[in-house]
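# Descriptive analysis of the structure
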Amino acid sequence: MTFATLGLIEPLLRSLETLGYQTPTPVQAQAIPAVLAGRDLMAAAQTGTGKTAGFALPLLQLLAMEGPKVTANSVRALILVPTRELAEQVHEAVRQYAENLPLRTYAVYGGVSINPQMMKLRSGVDLLVATPGRLLDLFRQNALKFNQLQTLVLDEADRMLDLGFSEELANIYRALPKKRQTLLFSATFSDDIRLLAGQMLNDPLTVEVSPRNVAANTVKQWIVTVDKKRKPELFVHLMRKGKWKQVLVFAKTRNGVDALVEKLQGLGINADGIHGDKPQATRQRALDRFKASEVQILVATDVAARGLDIEDLPLVVNFDLPIVAEDYIHRIGRTGRAGSTGEAISLVCADEVNLLSAIEMLTRQTLKRQSEPDFEPEHRVPDTDASGQVVKKPKKPKKPKASGGGGGKRNLGKWVDSGEAAPVEPSIKPVRKVPVFNTGPRKRKP
Ligand code: AMP
């Protein structure tokens, strides 16, 4: 199968050739013809599956081929995303795909001045990428009109709800024309997402792609057990021993990010951090420098790093395990992308045993354990397995093995269908139509 056989027009095919995309990914193969045919879509796919091109390519084609010229302050297609970084990333992808089309595209998000955004919107844009809060601000200040809107994309819908955007989404929904095409992408399909889909979608086609990043053969995963207070020391030890070049590190809290970055910088290690308390410009700079390999270690909270596409990232380290097991999948999905292999190492202390157990249950695998000589925990991490069983009574500690875990051979550049493991997400149930839009805000604030 090729992109041409999916019905894409020549200017888009030329952009794809420049980008080196040869074969459509499974989500692209399903989504592109459906979106071109005007269908609503409910897709279980996350970052790493090629979903951005899956919705952006047909969307750009429809914008180029159909509909009136965009008028002042109007927008014809809207892509809603949960974070500023994702807005930049999605817009950058859109910009590349639209290279040969006469379309205006733009991205708006909070944390930066609103005035330049208002100026830019004056002449109207064909495709706008936006975070929900800033979009509403612009709408309320009459900088935006939705009368020409033909397509709405909700990207990472589950994360938008996790971040408490349900009220903003409801307000945006009320302001949009009823007749439109809607595409919803979500890594998981909770009841809240189904509720949202029931409200927003009209007879959607469901597309499901198992998250390729949990395929055991693309990401090598293992844990090192350690006492909580010795995690920073162990991290530095592993880093030096493994001669780690570029690592994305996840910590649970903003303070945790700052403390680790400070420690690493104090040791002369080239590290930087991103989390929700930092100004947007600082976050973007840290990310850009990391992508350009000018920063060796980037420490992040889940929210700041969600959905980021960083090419060729060989290693992800979970300095802390995530509170929500699904985030483990998103985290390790930052490596082993687009056909390459990667490695994900988690530093796990006794307090985190239940989190570990939840991850093993979700991913249906027992993570391989290592204990690093000289770092064996005093507080032993009880045994766990994929059945969710935590063996409360610790066994006698075994003699520690030397750590291994070298990097796998990398296969870069072209999309490889990797012979996926069984899907870990629940399969999609039929969309429930409900009269009221009331998915309440959530409590998570990493
Ligand atoms: P996404 O899931 O949209 O974040 O995409 C993940 C990565 O895969 C991005 O770096 C894309 O540029 C890349 N990608 C998407 N589709 C293809 C394709 N058909 N062939 C090669 N790379 C692709």
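Residues numbered from 1 in each chain as written. Predicted model: local features only at pLDDT ≥ 70, side-chain atom pairs only at ≥ 80, totals over all residues. Heavy atoms only, no water.

Cut-off, in case you're wondering: UniProt positions are given in the numbering used here, feature names are shortened, and annotations may be inferred rather than shown by experiment.
With an unreviewed UniProt entry as reference, the chain is termed DEAD-box ATP-dependent RNA helicase RhpA, source organism Pseudomonas fluorescens. As its UniProt record puts it under Catalytic activity (unreviewed entry), the chain is described as follows: "ATP + H2O = ADP + phosphate + H(+)".

## Points about the side chain of Arg180
Rules: Helix and strand assignments come from DSSP, with helices taken as H or I runs of at least 4 residues and strands as E runs of at least 2, each series counted from the N terminus. For each residue, the accessible area found with a 1.4 Å probe, counting protein chains only, is set against the maximum for its type, and the residue is called buried under 20%, exposed over 50%, and partly exposed in between. Asp and Glu count as negative and Lys and Arg as positive, but His and the ends of the chain are not part of the count. The rule for a salt bridge is simple: a side-chain nitrogen of Lys or Arg has to be within 4 Å of a carboxyl oxygen of Asp or Glu. Any pair of N or O atoms that falls within 3.5 Å is considered a polar contact. Within protein, one atom must be able to donate a hydrogen and the other to accept it, and sequence-neighbouring residues count only if both atoms are side-chain atoms. Here, residues are in contact when the closest pair of their heavy atoms is within 4.5 Å.
When you line up the elements, Arg180 lands in the loop between α8 (166-175) and β6 (181-186). Although Arg180 is buried, it forms no salt bridge, and the closest oppositely charged side chain is Asp40 at an N-O distance of 6.4 Å. Within the structure, the side chain of Arg180 is placed 3.2 Å from the backbone oxygen of Pro177, a separation counted as a polar contact. In this structure the side chain of Arg180 is engaged in a polar contact, spanning 2.7 Å, whose partner is the side chain of Thr182. Beyond its immediate stretch of four places on either side in the chain, Arg180 contacts Asp40, Leu149, Gln150, Leu152, Tyr173 and Met200.

## Some points on the pairing of strand β2 (residues 75-80)
Put simply, the test is: When DSSP finds at least two bridges between two strands, those strands are taken to pair.
Counting buried residues along β2, six of its six residues qualify, which places the element largely inside the surrounding structure. The sheet contact formed by β2 and strand β4 (residues 125-130) spans five bridges and is parallel. Looking at β4, one finds that Val75 is bridged to Val125. Judged from the four bridges that link them, β2 and strand β5 (residues 151-154) form a sheet pairing that is parallel. Across the sheet, the residue bridging to Leu78 is Leu152, located in β5.

## Thoughts on the environment of Ala143
Tracing the backbone shows Ala143 in the loop between α6 (132-140) and β5. A relative accessible area of 4% means that Ala143 is categorised as buried. Along the chain, Ala143 and Met118 lie 25 residues apart, while their C-alpha atoms are 5.6 Å from each other. The contacts of Ala143, once residues within four sequence positions are left out, are Asn73, Met118, Leu121 and Leu138.

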